[in-house]
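Analysis of the macromolecular model
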Amino acid sequence: MEILAARVSRLSESQTLAMARRSRELKAKGVDVISLSLGEPDFHTPDVIKEAAKKAIDDNFSYYTHVCGYLELRQAISKKFKRDNNLDYDAEQIVVSTGAKQSIANAVLSIIGPGDDVVIPSPYWVSYLEIVKLAEGNCVLVKAGIENDFKVKPEQIRAAITPKTKLFLFSSPCNPTGSVYSKQELEAIAAVLAEYPNIYIIADEIYEHINFIGKSESIGTIPSVKDRVITINGLSKAFAMTGWRVGYMGAPKEIAKACDKIQGQITSATSSISQKACETAMQLDPSITFPMRDTFKKRRDLVYKMIQDISGMKTNLPDGAFYFFPEVSYYFGKSYNGTVINNGTDLCLYLLDNAKVALVPGAAFGDDNYVRFSYATSEDLLVKAMNRLKESLALLK
Ligand code: PMP
Ligand code: GLU
């Protein structure tokens, strides 16, 4: 008899976390690796948020809360959704969890069962597919290439819908491509989805505040679909709070209730201290995040220029998030010292070994003609990393 359940062998390890682990291991051995693998802001959590958490500890706010988060927190999130996104979710429609990742998992597990279809624009964020697999659903991928700024067209979505489709799942600003859907583009997508009243929409807006072209738009504001939109967000990116583990969703009541039920049996609520920190973050004017966004934009411009200097990499100019997703097929078939590069995964392994720079293979996001790098690190390290990449890539003949 197999020791492990079949779902474990069906599941792939998170490639973002795997590359981060590999570079940590090399660093521990004394290798000077620059990791551009993990999407994690290198800033500190704002002091005012840290103070709120310290106060919560001193006030002994140390007991179980409601599974979905305590009421005043959910009220603060409801106000944030209205203030920043013009989204109407009342406190009963909010579920706070241990990160946007868990919020997505809760929502998918609530809606998707064996054989149900989920339409996902590709490139997609690495965990979407694996979460759908855990729910025993099928992913129906809708591909968008670099020539369309990685944005899918409404007619592609229509063509992907089957009688079994229950969910449309996407991120904007997008991880890994940095693409940001405009209000008009979201309206065109909503117009198609409005024709299918049984399809829910998960809008992953975790990069909301890391947007270089203005305010991020939410599909949940569009009247024809708003009753079916689950909006996911969290503190990890905008407030540099990856380790605090707080995410949240606004959802139709039936979905919020289902997520509360699932979470109640698996994790209970997230940490009470992190919840207090989250309440403060929700009350802050979003302008507190702008200096971080502006720094990311400077880094984006710097890296964009340096990529232009590498003839084999083709990239879009990402409008948000903090990733580049260049096309690298120019290097396929080339080799160095007997190492032949056949795809993005081979290229990442070669670059880790030769340049000591950790990237993530595009395969993790749906296309192995690409690689992803995160520019959430200092300008000095970015310049050093890009120079190393350029040198190592030039060795491939
Ligand atoms: N969605 C996207 C698109 C992400 O890049 C990430 C990575 N942080 C998450 C969700 C999960 O974030 P969290 O740390 O809140 O679980
Ligand atoms: N979301 C980040 C990334 O894509 C963090 C890693 C993860 O949560 O998988 O790199």
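Structure's up top.
Attention in this report is confined to the structure presented alongside it.

Rules and cut-offs
Residues numbered from 1 in each chain as written. Chains lettered and ligands numbered in written order. Predicted model: local features only at pLDDT ≥ 70, side-chain atom pairs only at ≥ 80, totals over all residues. Heavy atoms only, no water. Helix = DSSP H or I, 4+ residues; strand = E, 2+ residues; numbered from the N terminus. Rg over C-alpha atoms; globule rule 2.2 N^0.38 Å. Buried < 20%, exposed > 50% of the residue type's maximum accessible area, 1.4 Å probe, protein only. Contact = heavy atoms within 4.5 Å. Lys, Arg positive; Asp, Glu negative; His and termini not counted. Charge placed at Lys NZ, Arg CZ, Asp CG, Glu CD. Patch = residues over 30% accessible without salt bridge, like charges linked within 9 Å, V, L, I, M, F, W, Y side chains within 5 Å. Areas by Shrake-Rupley, 256 points an atom, 1.4 Å probe, with all protein chains shown as cover. Salt bridge = Lys/Arg side-chain N within 4 Å of Asp/Glu carboxyl O. Pairing = 2+ DSSP bridges. Near = heavy atom within 4 Å. Polar contact = N/O pair within 3.5 Å; in protein donor to acceptor, adjacent residues only side chain to side chain. Nonpolar A, V, L, I, M, F, W, Y, C, P; charged D, E, K, R; others polar. Phe/Tyr/Trp six-rings, centres within 6.5 Å; stacked < 30°, edge-to-face > 60°. Lys NZ or Arg CZ within 6 Å of the ring centre and 35° of its normal. Axes fitted to C-alpha atoms, helices over the stretch in contact; angles between N-to-C directions. Parallel < 35°, antiparallel > 145°, perpendicular 65-115°, else oblique. Left-handed = near helix turned anticlockwise from the far one by under 90°.

1. Looking at the overall build of the protein chain
- If you tally the helices and strands in the protein chain, you get 13 helices and 14 strands.
- Its C-alpha radius of gyration of 21 Å places the protein chain within 12% of the 21 Å reference for a compact globule of 397 residues.
- With respect to the three principal axes, the spread of C-alpha positions in the protein chain is 60 × 55 × 55 Å.
- Counting across all 397 residues of the protein chain, residues that qualify as buried make up 56%.
- For the protein chain, restricting intrachain contacts to residue pairs at least 6 apart in sequence, the fraction spanning at least 24 positions comes to 74%.
- Counting 47 positive and 46 negative side-chain charges, the protein chain places the centres of these two groups 2 Å from one another.

2. Quick notes on a nonpolar patch on the surface
- Among the surface-exposed residues, Ile3, Leu4 and Val8 lie close enough to one another that they form a single nonpolar patch of about 350 Å² accessible area.
- Following the sequence through the fold, Val8 ends up in helix H1 (residues 6-10).

3. Details of the pairing of strand S8 (residues 247-250)
- Neither face of S8 is open: one carries Gly247 and Met249, the other Tyr248 and Gly250, and all of them are buried.
- For strand S2 (residues 94-97) and S8, the ladder comprises 4 bridges, and the chain directions are antiparallel. The residue bridging Ile94 from the neighbouring strand is Gly250, located in S8.
- Inspection of the sheet shows strand S7 (residues 229-234) paired to S8 by 4 bridges, in the antiparallel sense. Opposite Gly234, over in S8, you have Gly247 as the bridge partner.

4. Describing the site of ligand 2
- Around ligand 2 sit Ser14, Thr16, Leu17, Leu38, Gly39, Lys101, Trp125, Asn175, Lys237, Tyr323 and Arg372, and that is every residue in its neighbourhood.
- In the model, an oxygen atom of ligand 2 is placed 3.2 Å from a nitrogen or oxygen of the Lys101 side chain.
- Separating an oxygen atom of ligand 2 from a side-chain N or O atom of Arg372 is a distance of 2.8 Å.
- When isolated, ligand 2 has an accessible area of 290 Å², and the protein chains bury 88% of it.
- Each residue belonging to the shell around ligand 2 can be placed in one class, and the counts come to 4 nonpolar, 4 polar and 3 charged.

5. Remarks on the site of ligand 1
- Taken together, the residues surrounding ligand 1 are Gly99, Ala100, Lys101, Ile104, Trp125, Asn175, Asp204, Ile206, Tyr207, Ser236, Lys237 and Arg245.
- A distance of 2.7 Å is found between an oxygen atom of ligand 1 and a backbone nitrogen or oxygen belonging to Ala100.
- A distance of 3.0 Å separates an oxygen atom of ligand 1 from a polar backbone atom of Lys101.
- Against a free-state accessible area of 390 Å², the protein chains account for coverage of 93% of ligand 1.
- Looking at the shell around ligand 1 element by element, the count peaks at 3 residues for helix H5 (residues 100-111).
- In the shell around ligand 1, the residues fall into 5 nonpolar, 3 polar and 4 charged.

6. Details of the environment of Asn316
- Tracing the sequence through the fold places Asn316 in the loop between helix H11 (290-308) and strand S9 (323-324).
- Each C-alpha atom, one on Asn316 and one on Val142, is 19 Å from the other, the two residues being 174 residues apart in sequence.
- The contact partners of Asn316, leaving out residues within four places of it in the chain, are Ile146, Asp149, Phe150, Thr177, Ser179, Tyr304 and Phe324.
- One polar contact links Asn316 to Asp149, side chain to side chain, over a distance of 2.9 Å.

7. Focus: the packing of aromatic side chains
- In this structure the tally under the stated criterion is 20 aromatic pairs.
- Judged by centre distance (5.5 Å) and plane angle (70 degrees), the rings of Phe81 and Tyr248 are edge-to-face. Pair noted here: Phe81 is in helix H4 (residues 71-85) and Tyr248 is in strand S8, with a separation of 167 residues, a long-range link. Neither residue differs from the other here; Phe81 and Tyr248 are each classed as buried.
- Among the aromatic residues, those joined into a ring-pair cluster are Phe43, Tyr207, Phe296, Phe322 and Tyr323.
- One Lys or Arg, Lys334, reaches over the ring of Tyr330 and ends 4.6 Å from the middle of that ring.

8. Considering the sheet that holds S9
- With antiparallel pairing, 3 strands are arranged side by side in an open sheet as S9-S14-S13. Each having just a single partner strand, S9 and strand S13 (360-361) make up the two edges of the open sheet.
- Pairing geometry for S13 and strand S14 (residues 371-374), over 2 bridges, is antiparallel. Bridge assignment links Val360 to a residue of S14, and that residue is Arg372.

9. Considerations on the packing of helix H2 (residues 15-28) against helix H12 (residues 344-354)
- Their axes nearest at 12 Å, the elements H2 and H12 cross at an angle of 20 degrees. Relative to H12, the element H2 is oriented roughly parallel. For H2 against H12, the interelement crossing comes out right-handed. Contact residues: Met19, Arg22 and Leu26 in H2; Cys348, Leu349 and Leu352 in H12.
- Here the contact of H2 with H12 is built from residues that sort into 5 nonpolar, no polar and 1 charged.

10. Section: the environment of Ser311
- With respect to the element layout, Ser311 can be found in the loop between H11 and S9.
- Between the alpha carbons of Ser311 and Ala256 there is a distance of 49 Å; along the sequence they are 55 residues apart.

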